[in-house]
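Descriptive structure summary
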Amino acid sequence: MLEFLVHKCIKDADEIERPEVRKRYGFFSSIVGIICNVILFASKLAIGLIAGSISIVSDGVNNLSDCATCIVTMFGYKMAAKPADRDHPFGHGRIEYISGLFVAVMIILMAYELIKDSIGKILHPELPKFSILVAVILVVSIGVKIYMYFYNRSIGRKIESATMIATAKDSLSDTFSTMVVLASALVAHFWKIPIDGYCGLLVGVMILIAGITAMKDTVSPLLGQAPEPELVDEIEKIVRCDKRILGIHDLVVHDYGPGRLMVSLHAEVPYKEDILELHDLIDQIEFSLRKKLNCEPVIHMDPIVDDDEETNAAKARITEIIESLNKDSRKNENVQFHDFRMVKGSTHSNLIFDVVLPHGYQMPEEQIISYIKEKVSEYNKNYYCVIHIDRAYVK
């Protein structure tokens, strides 16, 4: 049903990498959300005032706040679809994340007001009135919110939208909230126990948790989060499509909004290969990355010596030393190295390389450098280490 509506209402629905199509998805989702939430707000406000139930009224006001967030979401998608300009050469895609952050803030503010009102109801409890109409409207509301959760989640996953996923989580929290409100009304009616305030408080806490979770999901890409491991694996698979690519390092992914990725990396190549052929190979790889991942790639070639016995032996020794640092580390906390080269001289040889430290690694940088230099000196006193410390930009 959802796929039918999407392809019926959204032009070029399968071309999700286009900002204009993403905007259409955002408008479609927001309009459906506004219609559903206005109906739910009006019906809950009416029966909540008639029944004298703070939890039902609060649940209805929560639906009204959802309308506001839908309007903000529409504005966010409209702004995010604007093309790049002189002041914003990477486009306006991050506005989509900002609108998602605003949605999360609205959810948290709504939770605060609901918790405050519920505490007042706990201090001054009253039995709300109950009718079949109250139960029917609440059950219908639960069904509508479950549907909204699934369609927002489906669209959010399809277009990889943090804003849409946040909206889906809000709909799910609303579902549980209304279930609690319905339970409160039934308990008050059949057992005459005034738990309306406590249920309202529980609803408020659930909404607060949903808001905080949504805020984390939207703040992370704004701050510059590490790319997902699946994306890193896909990039490496595409780059290492040719045996002349011996390895990659210094992979950095900049996210300027959905469908606006900047990817830079260093590709290791044999130093004896023809430079023009290697340059053509790198151009082909960049084209493949651009086509398959819808990104703007920049690849730096690193020629490495792979046929010198002394260099290979020294590199093998450095590998052993680095692995000794990883004996007690978990896989995602391993120290690595790259850009290894040897500069030979008559009195000594320099071993030049970068050491990549995972974030949160316990041993200080100075101690790591001293440890490596000491172990290399034990191996060969004529080897001097020139070490640069790097930090990992991927998980």
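Summary of the structure given here. (Residues numbered from 1 in each chain as written. Predicted model: local features only at pLDDT ≥ 70, side-chain atom pairs only at ≥ 80, totals over all residues. Heavy atoms only, no water.)

**A few points about the overall build of the protein**
Within the protein, the regular secondary structure consists of 11 helices and six strands. Taken across its 395 residues, the protein has 44% of its residues classed as buried. Restricting to contacts in the protein with at least 6 residues of sequence separation, those with at least 24 account for 67%. Summed over all atoms, the accessible surface of the protein reaches about 20,800 Å², with 61% contributed by carbon and sulfur. Here the protein carries 42 positive and 52 negative side-chain charges, and the mean point of each set is 7 Å from the other. (Helix = DSSP H or I, 4+ residues; strand = E, 2+ residues; numbered from the N terminus. Buried < 20%, exposed > 50% of the residue type's maximum accessible area, 1.4 Å probe, protein only. Contact = heavy atoms within 4.5 Å. Areas by Shrake-Rupley, 256 points an atom, 1.4 Å probe, with all protein chains shown as cover. Lys, Arg positive; Asp, Glu negative; His and termini not counted. Charge placed at Lys NZ, Arg CZ, Asp CG, Glu CD.)

**Focus on a nonpolar patch on the surface**
Judged by side-chain polarity, Ile146, Phe150, Phe176 and Met179 come together as a nonpolar surface patch covering roughly 350 Å² of accessible area. Secondary structure elements with two or more residues in the nonpolar patch: α5 (132-159) and α6 (162-191). Tracing the sequence through the fold places Phe176 in helix α6. (Patch = residues over 30% accessible without salt bridge, like charges linked within 9 Å, V, L, I, M, F, W, Y side chains within 5 Å. Salt bridge = Lys/Arg side-chain N within 4 Å of Asp/Glu carboxyl O.)

**Digging into the sheet that holds strand β3 (residues 295-304)**
Across the sheet, which stays open at both edges, the three strands sit in the order β1-β2-β3 with mixed pairing between neighbours. At either margin of the open sheet sits one strand with a lone partner, and together these are β1 (247-255) and β3. Direction aside, the axes of adjacent strands within the sheet are offset by 15 degrees on average. Contacts from helix α8 (residues 229-239) reach β1 and β2 (261-270) within the one sheet, and its direction differs from that of β1 by about 130 degrees. (Pairing = 2+ DSSP bridges. Axes fitted to C-alpha atoms, helices over the stretch in contact; angles between N-to-C directions.)

**Focus on the sheet that holds strand β4 (residues 336-343)**
If you walk across this open sheet you meet the three strands as β4-β5-β6, and the pairing is mixed. Edge strands, defined here as strands with exactly one partner in the open sheet, are β4 and β6 (383-391). Each adjacent strand pair in this sheet contributes to an overall mean axis angle of 15 degrees, direction not counted. Note that strand β5 (residues 349-357) and β6 share nine bridges and pair parallel. Across the sheet, the residue bridging to Val355 is Ile389, located in β6. The sheet strands contacting helix α10 (residues 309-325) are β4, β5 and β6, and the helix crosses β4 at an angle near 150 degrees. Docked against the sheet, helix α11 (residues 365-379) engages β5 and β6, running at close to 150 degrees with respect to β6.

**Looking at the environment of Val252**
Residue placement: Val252 occurs in strand β1. For the pair Val252 and Ile119, spaced 133 residues apart in the sequence, the C-alpha separation amounts to 49 Å. Ignoring anything within four residues of it in the chain, the contact list for Val252 reads Met262, Val263, Ser264 and Tyr393.

**What about the packing of helix α2 (residues 19-51) against α5?**
In contact at an axis separation of 11 Å, α2 and α5 are set at 165 degrees when each is read in the N-to-C sense. In this view, α2 runs roughly antiparallel relative to α5, as classed from their interaxial angle. Judged by the sense of rotation from one axis to the other, the crossing of α2 with α5 is left-handed. Of the residues in α5, those in contact with Arg22, Tyr25, Phe28, Ser29, Val32, Gly33, Cys36, Asn37, Leu40, Ser43, Lys44 and Ile47 of α2 are Leu133, Val134, Ile137, Ser141, Val144, Lys145, Met148, Tyr151, Asn152, Ile155, Lys158 and Ile159. (Parallel < 35°, antiparallel > 145°, perpendicular 65-115°, else oblique. Left-handed = near helix turned anticlockwise from the far one by under 90°.)

**Let's talk about the environment of Leu222**
Turning to its location among the elements, Leu222 is positioned in helix α7 (residues 196-223). A C-alpha to C-alpha distance of 8.5 Å links Leu222 and Tyr256, two positions 34 residues apart in sequence. With residues up to four places along the chain from it excluded, the contact list for Leu222 reads Arg94, Tyr97, Ile98 and Leu101.

**So, the packing of helix α4 (residues 95-123) against α6**
Where α4 contacts α6, the axes come no closer than 8 Å and their chain directions differ by 20 degrees. With respect to each other, α4 and α6 are oriented roughly parallel. The two elements α4 and α6 meet at a crossing, and its hand is left-handed. Here α4 contributes Glu96, Tyr97, Ser99, Gly100 and Ile107 to the contact with α6, which in turn contributes Ala162, Thr163 and Asp170.

**So, the environment of Ser173**
Examined against the element boundaries, Ser173 turns out to sit in helix α6. With 58 residues separating them in the primary sequence, Ser173 and Leu231 have C-alpha atoms 30 Å apart. Every residue in contact with Ser173, bar those within four places of it in the chain, is listed here: Met206 and Ala210.

**Remarks on the side chain of His92**
With respect to the element layout, His92 can be found in the loop between α3 (54-80) and α4. Excluding residues within four positions of it along the chain, His92 makes contact with Met79, Ala80, Lys82, Pro83, Asp85 and Arg260.

**With respect to the pairing of β3**
In this sheet, β3 lies alongside β2 in parallel orientation, the contact comprising 10 bridges. Across the sheet, residue Leu261 finds its bridge partner in β3, namely Cys295. For the segment spanning β2, helix α9 (residues 275-293) and β3, crossover handedness is right-handed. (Right-handed = clockwise from strand over helix to strand, strands pointing away.)

**Examining α5**
Counted at 1.5 Å a residue, the expected span for α5 with its 28 residues is 40 Å, and the 41 Å between its end C-alpha atoms agrees. Backbone geometry just after α5 places Glu160 at a positive phi near 55 degrees. (Expected span 1.5 Å × (residues − 1).)

**Thoughts on the pattern of salt bridges**
For the structure on display, the rule yields 10 salt bridges. Measuring nitrogen to oxygen at the nearest pair gives 3.0 Å for the salt bridge that ties Asp174 to Lys145. Here Asp174 is found in helix α6, whereas its partner Lys145 is found in helix α5, with 29 residues between them in sequence. Asp174 gets classed as buried once you look at its relative accessible area, which sits at 0%.

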